[in-house]
Amino acid sequence: PQEKAALKARIRDLLTAQDAVLVAHYYTDGDLQELAEETGGLVADSLEMARFGTTSPARTLVVCGVRFMGETAKILNPEKRVLMPDLAATCSLDEGCPAAEFAAFCDAHPEWCVVVYANTSAEVKARADWVVTSSIALPVVRHLHERGEKILWAPDRHLGRYVQQETGADMLLWQGACVVHEAFKGYALEQLRRLHADAAVLVHPESPAEVIDQADVVGSTTQLIKAVSELPNETFIVATDQGIFWKMHQLAPHKRLIAAPTAGVGATCESCAHCPWMAMNALQNLEQVLVRGDQEVLVAPGIRERALVPIRRMLDFAE
Ligand code: 13P
Ligand code: SF4
């Protein structure tokens, strides 16, 4: 603990010296979330992370999360230096949607309005009409559907299916998935719900249909955290990355939080959902990147300008 406190103190000093601020996602380690809050940074879902960078006066943004979050920060704030503890922190949705194949998919369907999830590369966003995060996907697609648009959606097929079901929009789905959320098991969740009949079930929409169908609340990380504070239930079954428990515990310390099963009920937390790429963010490599200034996120100018358009559209719509 003493070593950790010293490391945190060094990071605090480095942040001040470099006019840098931390922007952390809820799935990162609790120490990083705590440090972000203590030093005037932000812990948030991916939409709020994107917005924060544009309002912060800091000259350096240190994004603790995965690569697409760093790229979005750079696209929105080209004049700022954007660092990440480890640039290799990717996302299975981003990896599963290569820009060239995606461009061919779009070319084959020229009449369709292209809506991409934020969990994609800058190149893929550069090809999109709209970018959405999980917190805003439903209202954006509803709006486009009302305008009579047909929607080409990428890359998450589970979120796409859910949005299609809720909005009735005509949607063509890229077949990507999040390796973390796809692991939740509907049959095991049913068993767990029988053991905790009073529990509310909170589900991130990257989960499979049979898990979403059992949810009391479906939403982004921020929306799920809000539900724990606002709903009267004492117990919650949570189908998303276990990193989210840090903030849920902080806001509602007396509530009981149970991880939704990724295997049969009774399996140990070894099999709890946790994103391997979010786990690449740690105090040690955060300190290192502040010392060395490497792991800087860069986006080619031509790509940046095109990707900015659908990201801005999302932020303007969200206001
Ligand atoms: P949120 O936008 O809900 O924070 O989700 C980001 C993400 O990567 C979920 O897996
Ligand atoms: Fe990507 Fe899934 Fe990790 Fe989120 S949890 S960053 S969607 S792999």
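Note that the structure is predicted; figures quoted are calculated from it, not measured.

Examining the overall build of the protein
Item 1. On a plain count of helices and strands, the protein comes out with 15 helices and 12 strands.
Item 2. Radius of gyration (C-alpha) of the protein: 19 Å, near the 20 Å computed for a compact globule of 319 residues.
Item 3. Reported as C-alpha extents along the three principal axes, the dimensions of the protein are approximately 50 × 50 × 30 Å.
Item 4. Across the 319 residues in the protein, those meeting the buried criterion constitute 47%.
Item 5. Across the protein, every contact between residues at least 6 apart in sequence was considered, and the portion connecting residues at least 24 apart equals 64%.

Observations regarding the nonpolar core
Item 1. By size, the foremost hydrophobic cluster in this structure holds 100 residues, and its most contacted members are V23, V62 and V115.
Item 2. In this structure V23 touches A36, G41, L42, M49, F52, G53, L61, V62, V63, C64 and A73, once residues within four positions along its chain are discounted.

Overview of the environment of P301
Item 1. Examined against the element boundaries, P301 turns out to sit in helix α15 (residues 301–318).
Item 2. Under the C-beta neighbour-count criterion, P301 is labelled exposed, with 9 such atoms within 10 Å.
Item 3. For the pair formed by P301 and H143, sequence separation is 158 residues and the distance between their alpha carbons is 30 Å.

Re the sheet that holds strand β8 (residues 171–173)
Item 1. A sheet is described by the order of its strands in space; here 4 strands give the open sequence β6-β5-β7-β8, paired in parallel fashion. At either margin of the open sheet sits one strand with a lone partner, and together these are β6 (130–132) and β8. Between one strand axis and the next, the sheet turns through 25° on average, direction left out of account.
Item 2. In terms of strand pairing, strand β5 (residues 113–117) meets β6 through 3 bridges, oriented parallel. The partner of V115 across the bridge, within β6, is W130.

Observations concerning the domain arrangement of the protein
Item 1. As assigned here, the protein comprises domain 1 (2–89 + 279–300), domain 2 (93–173) and domain 3 (181–274).
Item 2. Here domain 1 and domain 3 have C-alpha centroids that lie 27 Å from each other.
Item 3. Each partner contributes residues to the interface: domain 1 has 10 residues there, and domain 3 has 9 residues.
Item 4. Sorting the residues of the side of domain 1 that touches domain 3 by element identifies α2 (30–38) and β2 (42–44) as the ones contributing at least two each.

A short note on the site of ligand 2
Item 1. By nearness alone, 13 residues border ligand 2, and C91, S92, C178, V180 and C275 come closest of all.
Item 2. Here the residues of the shell around ligand 2 sort into 9 nonpolar, 2 polar and 2 charged.

Calculation notes
Residues numbered from 1 in each chain as written. Chains lettered and ligands numbered in written order. Predicted model: local features only at pLDDT ≥ 70, side-chain atom pairs only at ≥ 80, totals over all residues. Helix = DSSP H or I, 4+ residues; strand = E, 2+ residues; numbered from the N terminus. Rg over C-alpha atoms; globule rule 2.2 N^0.38 Å. Buried ≥ 20, exposed ≤ 12 C-beta atoms within 10 Å, placed from the backbone. Contact = placed C-beta atoms within 7 Å. Core = buried A, V, L, I, M, F, W, Y, C linked by C-beta atoms within 7 Å. Pairing = 2+ DSSP bridges. Axes fitted to C-alpha atoms, helices over the stretch in contact; angles between N-to-C directions. Domains from an automatic or database assignment. Near = placed C-beta within 6 Å. Nonpolar A, V, L, I, M, F, W, Y, C, P; charged D, E, K, R; others polar.

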